[in-house]
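Residues per chain, in single letters:
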Amino acid sequence: AGGGYGVDPPPPPAPGGGPPQPPAAYEPPPAAYPPLPGVQAPRQQGWAKPANTGVLRIWIDELEMPNRPEVHSTLTDREVWVDPLPDETELEDWLNAFGEVEEVARLPNAEDGVPSEKGYVLFKRHGAAKACVEMRAGNWSESERALSLQITTRTKVVKTYPESIVSAFLGRKGEDINKLRKEAGVWKLAIKGRDMAPDPSKGKGKGEKGEKG
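Residues numbered from 1 in each chain as written. Predicted model: local features only at pLDDT ≥ 70, side-chain atom pairs only at ≥ 80, totals over all residues. Heavy atoms only, no water.

Asker: Describe the pattern of salt bridges, naming the residues involved and giving the relevant values.
Answerer: Summed over the entire model, instances satisfying the criterion amount to 8 salt bridges. Residues Glu100 and Lys124 are paired through a salt bridge, measuring 3.9 Å at the closest nitrogen-oxygen approach. Of this pair, Glu100 sits in the loop between α1 (88-96) and β2 (101-108) while Lys124 sits in the loop between β3 (115-123) and α2 (126-134), and the two are 24 residues apart along the sequence. According to the relative accessible area criterion, Glu100 is partly exposed, its value standing at 45%. (Salt bridge = Lys/Arg side-chain N within 4 Å of Asp/Glu carboxyl O. Helix = DSSP H or I, 4+ residues; strand = E, 2+ residues; numbered from the N terminus. Buried < 20%, exposed > 50% of the residue type's maximum accessible area, 1.4 Å probe, protein only.)

Asker: How would you explain the sheet that holds strand β1 (residues 79-82) if you had to name every residue and give the values?
Answerer: Picture the strands of a sheet paired through backbone hydrogen bonds; they go either parallel or antiparallel. Here 4 strands make up an open sheet; going across it, the order is β2-β3-β1-β4 and the pairing antiparallel. The strands lining the two open edges of the sheet, one partner per strand, are β2 and β4 (139-140). Judged from the 2 bridges that link them, β1 and β4 form a sheet pairing that is antiparallel. Within β4, the residue paired with Val80 across the bridge is Trp140. (Pairing = 2+ DSSP bridges.)

Asker: Describe the pairing of β1, with residues and values.
Answerer: Neither face of β1 is open: one carries Glu79 and Trp81, the other Val80 and Val82, and all of them are buried. In this structure, β1 lies alongside β3, joined through 4 bridges in antiparallel fashion. In the sheet register, Trp81 faces β3, and the bridge partner there is Tyr120.

These values are about where atoms sit, not about what they do.
Structure below.
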């Protein structure tokens, strides 16, 4: 069959009606053909992880979201997405035009891991971040807004969106993200971010359930 993964034809019968005798050059087919390159044979409980895999990390602000709702910023919004960021020689003067900065995080290139020209700027005060956005030097960080609902129960953070962006990506019981994983043809698709999972070093809190090992 196509791809060379068919079954060899049986040997011809021997003269005189005896049992079939394979020719000298004939070799019986193997019990199981080797898997395709980069793919392991399926296990009883499901498919194994492909041997040759890579990790592609996409930040939420890199996605095109034309249907995002128009919302006002909150007083706890301090992070801005900037693409492109100025060069290092000009970055400090550029940031000082808006206000004090707590952190600058350049995203690594997917090819070589070298810091790229786009990233996040976390200002110390909301007013500085607002000035950056109003001058159209950057956009409000959807990453900060998406994670705000995850941390409102433990810190004084005002959520921007009325509903959880993380829950919207996951869908009911993970149905939406699992559907997207299948459509994209990837082995694993996950949402990661700060405060997305409880810190195991802090132990179980009230009402939290432990996992059986």
